[in-house]
Structures are given as C-alpha cells and as structure tokens.
Amino acid sequence: MERKKASDFPQELLNLFDLYVHGGMSRREFLNGAQRFAVAGASAASLFEMLRPNSAWAIQIAPNDARIRTETVVVPSPKGNGSISGYLALPANDDKLPAVLVIHENRGLNPYIEDVARRLAVANFIAFAPDGLTSVGGYPGDDEKGLALFQKVDQGKMKEDFLAAAAWLKSRPDCTGKLGAIGFCFGGGMVNALAVEMGADLSAAVPFYGLQPSAADAGRIKAPINAQYGELDSRITPGWPAFDAALTKAGVPHEGHIYKGANHGFHNDTTPRYDEAAAKEAWGRALDWFNKYLRG
C-alpha cells in the first residue's frame, strides 16, 4: 500500500484515530465517526486501512545485518508476571558497552520496536526490548490484537516486569553498568515511571510522547530526561510545562522538544502519523543524549 502522510488526512480524523489507538473507542465507533470524512473512492473502512500500521515500513535495519546479533531472551520477574520475554540486539563486537531498555507502545513488541532495538545496536549500544504481553502469550503479530491483549494485563505487574528487565540488562557482564531507557507512547510514560522508581540506577531517559508523572513523583527522578513531543498531540504535550517545572525544581538535567506540525506517534514509521523530519531530529537527540550520559 502507498505510504500516506499525516497531511493527507484531516486533523480531526487523525485525532479520532488516536482515540481509537489508545482504547478510547471501538473499531466500529471509529468507523462510524470516520464516515463523515469518507469521500468518493475512500470509504471509512478504506481510511482505516490507510491509517493502520504497516510493519514492512519499519525495517530500517535488517534482522540479519552483519553489524549486529540478536536473540530472544526470557528474564525472571518474580514481583511481576513471573517472567518477561524480550528481543536483545547488540553489536557484533564483544566490547563492554552501555545498555538501553526499549519500551513499546500499547501494542506489545511489534516489528517497529524490534527495529528500534536494532538501530540502537548499530549505534553501539546493547538494546533490550521486553514484551509486556509475555504473560498473555506475547505480541500476536497484529497491532489490533495486541491492543486487546494489552488491556488484559495487570498494569502494576507489567511495570514490575519492566523493572526486572531493566535490572537484568544493567547487571549483564557485557554492560558497563550505565543504563538508559527509551519508550514510545505507553512506553514513554513507562520510561518516566521507571525514572521515578529507579532513581540513580537509571543514567538517562528519552521518553517519546509519554504521560508525565506527578510533580511529587518527578521530584524523585535522578536520570537526565530528554522528552520528545508532537505539537499536535493535544492529549500528552500539554503536560510538559508542569513536568519541566518539576524537573527544574528537582535539579534534574533535562530538555523538552516539541516538533512543529507533528502528531502523537510521529516516530513510528509504520503509520501516516510518521513525520520523517521530526523523527530523524528526535532520534539524533536521543542518541546524543545517550552518548553524553551513558559513555565515559
């Protein structure tokens, strides 16, 4: 299918799709709402197909790229769901390196997130992307089914699973002990939550359009934060000024970047909400942040 851009759709329709993506309405309700945007040759159903993820677009680094090696790893999580499976990507060399935990959106460990892990490995980090859906069978190969499974997982236990994955990654013998975290949407919020819980055990964090913690919780953060937001994301971006103020009060090194004309999900290159310019700029900032705080 031809890749569409956000500018090909009315912003109202993109906002409606965002509501659907985050569980605010059913597929049927979305289709009913999208009907008013249907035109000749583009029914509500075809609009849905244009907006839904196409995983083939996410492959920037091939799984068999000679620069990296990958494997599936199962990490014990006694305080969570017992264990959590994930995708480990690391450079082909045997150097001792800093590590980055990669946390997915509310769909589970899909091909886009696996590719993000590979991109980090190419940038000379050990990357581990856990699957929060492990306890319900793992990512099912389809984002819609992934959302349905995601809603069945105990959120408190899932958080413990990610904490267990972070501790495991940080303590690997091939890790320098410096750990960063990056996450998208749900994962961005989880990165913020881990920063609250882990304190100085987390060395850097890059949340993409993630729900911000309360001012009191933000005061517990020690990890330098580099937050990324889309200007048109009316659900998450308005929370940045209060988070900014709380981090300033806590003396936490931080930056916040709001990308003009970008939607929620602008880094995810499987959907029309992808904004290439914003995604590349944000990714560059993420790598710069990790290089600054995780190396040396």
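For clarity, every value in this text was computed on a predicted model and none was experimentally measured.

Colleague: I keep staring at the sheet that holds strand S6 (residues 204-208) and nothing clicks. Help me out?
Modeller: Sheets are built from strands paired through backbone hydrogen bonds, the pairs being either parallel or antiparallel. With mixed pairing, the eight strands of this open sheet are ordered in space as S1-S2-S4-S3-S5-S6-S7-S8. The sheet is open, and its two borders are formed by strand S1 (68-77) and strand S8 (254-259), each paired with just one other strand. Pairwise comparison of adjacent strand axes, ignoring direction, gives a mean angle of 20 degrees for this sheet. Pairing geometry for S6 and strand S7 (residues 225-230), over two bridges, is parallel. Each bridged residue has a counterpart across the sheet, and for Phe208 the counterpart in S7 is Gln228. Each of S1, strand S2 (82-91), strand S3 (97-103), strand S4 (126-130) and strand S5 (175-184) touches helix H6 (residues 155-170); the most contacted strand, S1, lies at about 125 degrees to it.

Colleague: Explain unusual backbone geometry to me, please; I cannot follow it from the model alone.
Modeller: Residues other than glycine predominantly adopt negative phi, and peptide bonds predominantly adopt the trans conformation. The backbone of Asn124 shows a phi angle near 75 degrees, a positive value even though the residue is not glycine. Inspection of the secondary structure assignment puts Asn124 in the loop between helix H4 (111-122) and S4. One non-glycine residue, Tyr209, lies in positive phi territory at about 35 degrees. Mapped onto the secondary structure, Tyr209 falls in the loop between S6 and helix H8 (215-218). Residue classification places Tyr209 among the buried residues on the basis of a relative accessible area of 0%.

Colleague: Would you take a moment to explain the layout of surface pockets for this structure?
Modeller: Rolled over the atoms, a probe as big as a water molecule pinpoints where empty space is left. Considered as a void within the structure, the largest pocket measures approximately 320 Å³ in volume. In this structure, the largest pocket is lined by 18 residues; those nearest its centre are Phe186, Gly189, Met190, Ala193 and Leu211. For the lining of the largest pocket, the leading source of residues is helix H7 (residues 186-198), giving seven residues. Here the lining of the largest pocket is composed, by residue class, of nine nonpolar, five polar and four charged.

Colleague: Please explain the pattern of salt bridges as it appears in this structure.
Modeller: Opposite charge on two side chains permits pairing when their charged atoms draw close. Following the criterion strictly, the structure yields 17 salt bridges and no others. With a shortest N-O distance of 3.1 Å, Asp18 and Arg235 are connected by a salt bridge. With Asp18 in helix H1 (residues 11-21) and Arg235 in the loop between S7 and helix H9 (240-250), this pair connects stretches of sequence that are 217 residues apart. Judged by its relative accessible area of 11%, Asp18 falls in the buried class.

Colleague: How do you make sense of the packing of aromatic side chains when you look at a structure like this?
Modeller: Two measures describe an aromatic ring pair: the distance that separates the ring centres and the angle between the ring planes. Under the defined criterion, the tally for this structure stands at 19 aromatic pairs. Consider the rings of Phe150 and Phe186, whose centres lie 4.8 Å apart with planes at 80 degrees: the pair is edge-to-face. Of this pair, Phe150 sits in helix H5 (residues 143-150) while Phe186 sits in helix H7, and the two are 36 residues apart along the sequence. Exposure remark for Phe186: the relative accessible area of 15% places this residue in the buried category. Arranged with centres 4.8 Å apart and planes meeting at 40 degrees, the rings of Phe184 and Phe208 form a pair that is tilted. With Phe184 in strand S5 and Phe208 in strand S6, this residue pair connects regions lying 24 residues apart in the sequence. Residue classification places Phe208 among the buried residues on the basis of a relative accessible area of 0%. What links up through ring pairs into an aromatic cluster is the set Tyr112, Phe184, Phe208, Tyr209, Tyr259 and Phe266. The ring centre of Phe125 lies 4.0 Å from the NZ or CZ of Arg295, which sits over that ring.

The rules behind the values
- Residues numbered from 1 in each chain as written.
- Predicted model: local features only at pLDDT ≥ 70, side-chain atom pairs only at ≥ 80, totals over all residues.
- Heavy atoms only, no water.
- Pairing = 2+ DSSP bridges.
- Helix = DSSP H or I, 4+ residues; strand = E, 2+ residues; numbered from the N terminus.
- Axes fitted to C-alpha atoms, helices over the stretch in contact; angles between N-to-C directions.
- Contact = heavy atoms within 4.5 Å.
- Buried < 20%, exposed > 50% of the residue type's maximum accessible area, 1.4 Å probe, protein only.
- 1 Å grid on protein atoms, 1.4 Å probe; cavity = no way out; pocket = protein on both sides within 12 Å on 5 of 7 lines; lining within 4 Å.
- Points joined across faces, edges and corners; volume = space filled by probe spheres on them.
- Nonpolar A, V, L, I, M, F, W, Y, C, P; charged D, E, K, R; others polar.
- Salt bridge = Lys/Arg side-chain N within 4 Å of Asp/Glu carboxyl O.
- Phe/Tyr/Trp six-rings, centres within 6.5 Å; stacked < 30°, edge-to-face > 60°.
- Lys NZ or Arg CZ within 6 Å of the ring centre and 35° of its normal.

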